[in-house]
Amino acid sequence: MNAVTSGPARPLPELGPDSPLVLPPRAEAVLPNGLSVTAIARRSAPLVELRLWVPMAMVDIAEGALLAQTLLSGTGTRSATGIAVELQAAGGALSGTADPDRWLISGNCLASGLDRLLEVLADVLGGAVHPGYEVSVERERLAHRVRVALSQPPNVARAELLRRVYGDHPYAVDTPAPERVEAVTAEEVRALHGRRMRPGGASLVLVGDLDPDDAVELVGRRLGGWGGDLSDAGAEVRMPAAPAPVPGPLLLVDRPGTVQSSIRLALPASGRGHPDTAPLQLANLIFGGYFCSRWTENIREDKGYSYGPNSVLDHSLGGSALMLSVNVATEVTAPALVETLYELGRITALPPGPEEVEQARRYAIGSLRLATATQAGLAGYAGTLAGFGLRLDYLTAHAERLAAATVEDVHRAAATYMGPGRAAAVVLGDVERVGRGVAAVTATEIRRSPSEPGAGGPPGEAEPGA
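Trainee: Tell me about the nonpolar core, and name the residues and values.
Mentor: Of all hydrophobic cores here, the largest spans 74 residues; its most connected members are Leu-35, Leu-50, Leu-52, Trp-103, Leu-121, Tyr-166 and Val-219. It is helix α4 (residues 114–127) that contributes the most residues to this core, eight residues altogether. Filtering out sequence-adjacent residues up to four positions away, Leu-50 remains in contact with Leu-94, Ile-105, Ser-106, Gly-107, Leu-117, Leu-118, Leu-121, Leu-204, Val-205 and Leu-206. Leu-265, Leu-267, Ala-425 and Val-427 belong to the second-largest nonpolar core, a separate cluster that totals 45 residues.

Trainee: Run through the confidence of the model for the protein, naming residues and quoting values.
Mentor: Across the protein, the average pLDDT comes to 92, with 92% of residues at or above 70. Throughout residues 229–233 the model reports pLDDT below 50, and contacts reaching past four residues in sequence, or to other chains, amount to 11 contacts. Here residues 455–466 is a poorly scored stretch, pLDDT under 50, and it has 27 contacts once near neighbours within four places are set aside; other chains count.

Trainee: Residue-level account of the sheet that holds strand β6 (residues 203–208), with values.
Mentor: Read across the open sheet, the six strands follow the order β1-β2-β6-β3-β5-β4; overall the sheet is mixed. The sheet is open, and its two edges are formed by β1 (26–30) and β4 (93–98), each paired on a single side. Taking each pair of neighbouring strands and ignoring which way they run, the sheet shows an average axis angle of 10°. Pairing of strand β2 (residues 36–41) with β6, which is carried by six bridges, proceeds in the parallel orientation. Among the inter-strand pairings, Thr-38 is bridged to a residue of β6, identified as Val-205. Each of β1, β2 and β6 is contacted by helix α9 (residues 212–223), which is oriented at about 145° to β2, the strand it contacts most.

Trainee: Please give an account of the pattern of salt bridges that cites residues and values.
Mentor: The full count for this structure, using the stated rule, is 31 salt bridges. A salt bridge links Arg-43 to Asp-209; the nearest nitrogen and oxygen atoms lie 3.6 Å apart. Of the two residues, Arg-43 is situated in the loop between β2 and β3 (47–55) and Asp-209 in the loop between β6 and α9; the sequence distance between them amounts to 166 residues. Through salt bridges with shared partners, a single network forms among Arg-78, Glu-86, Asp-115, Glu-119, Asp-123 and Arg-222.

Trainee: Pulling in residues and values, what's your account of the packing of helix α13 (residues 333–349) against helix α18 (residues 431–441)?
Mentor: Running from N to C, α13 and α18 cross one another at 20°; their axes reach a closest spacing of 8 Å. Considering the angle they form, α13 stands roughly parallel to α18. The way α13 lies across α18 gives a crossing that is right-handed. Contact with α13, carried on its side by Thr-333, Ala-334, Leu-337, Val-338 and Leu-341, involves Val-434, Gly-437, Val-438 and Val-441 of α18 and no other residues of that element. The class makeup of the residues in the contact of α13 with α18 is seven nonpolar, two polar and no charged.

Reading the values: the criteria
Residues numbered from 1 in each chain as written. Predicted model: local features only at pLDDT ≥ 70, side-chain atom pairs only at ≥ 80, totals over all residues. Heavy atoms only, no water. Core = buried A, V, L, I, M, F, W, Y, C linked by side-chain atoms within 4.5 Å. Buried < 20%, exposed > 50% of the residue type's maximum accessible area, 1.4 Å probe, protein only. Helix = DSSP H or I, 4+ residues; strand = E, 2+ residues; numbered from the N terminus. Contact = heavy atoms within 4.5 Å. pLDDT = per-residue confidence, 0-100. Pairing = 2+ DSSP bridges. Axes fitted to C-alpha atoms, helices over the stretch in contact; angles between N-to-C directions. Salt bridge = Lys/Arg side-chain N within 4 Å of Asp/Glu carboxyl O. Parallel < 35°, antiparallel > 145°, perpendicular 65-115°, else oblique. Left-handed = near helix turned anticlockwise from the far one by under 90°. Nonpolar A, V, L, I, M, F, W, Y, C, P; charged D, E, K, R; others polar.

Structure (structure tokens):
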């Protein structure tokens, strides 16, 4: 045996005390056209990261996605190739994505190329023409990707849970039906751009090797003319409040012949900025939010039911929820459900140990520091906060709340939000093989076929579980 490995194990050194989270210099402004701008100096590399959040509330998700994907396909003065060449000359790139809350335009460039990047961005925001050919190509690609996604059981289970929780709210559908995608026309995309790609309610974040005040002034010059003045920006469309998960019978959706079951649960949660959010984050970490959690220890390490259960706080503009997901072999569906409900009941009924809380606290604060240590990570965090109407100071306040949360605070948050009786639950699996076991665990409704994607609610009849 090697002498290096044959001796007694050396104890790990004690962790040092946490230092306060220090935010970098920044400047903020709201332009006359309604665009909110935040510029943050983080000079770790001669680059600048850009995140632009434009509200997309109440927009058809298929139209919104195609708008994002064809945003850089040409303007009245630049072709798609011309846009790509200019972005390359700036040492950067731009891309667009969409979800029910917002369009997110992300990009980066050399610090010396920021002016050119903003010039191209201004042209795209105000003058994108969404050519018919490009829309048809992206429409075909998106429809194909949706079909592939909806052929995968975990994605189908998530879609079923969203419909179960949100009903006719826009959050019920985050993946459009492929047939709806194929029906979108270039004229509809152009009209949507004209109506909703506006600066009112939008927020832009720049992070990198820059002077914050100079960067805000540069944005004002380049994007100040986007959408005209406030009177021309139109009324901001807001996302309505989403319903909280409503407990009730577990919905068992039949997928005959599958060798795996997908278990999904949704629980209520406090929103960003709420005093309960920090202790609830710690409670969720202890339950199932990271690898050292109780849920992982139970059904992965101890029983081998699943490779990796996952529990996350999902924050959206309309509300927040705690989302649980795990995929298990068909034959252990009911036992895995039992252990999941047991761990939820345990964390709500009994206070966690001080060591558990401290370990979760270290993980949460450390993850926050790591995520904001790079230009891209800080831009992502700051862009999301700006979209929620929160300033960067929220990061400091949240870190302080995590540091101050007591065992009693964590237990109270768990008892308030995480009780198993509060959960809306869906299982996607082979009813003939798992139905009896699941129905023995909890009240169950059975549906013999999945909902049509994009339908906004489960069609057909549900039958009580036996």
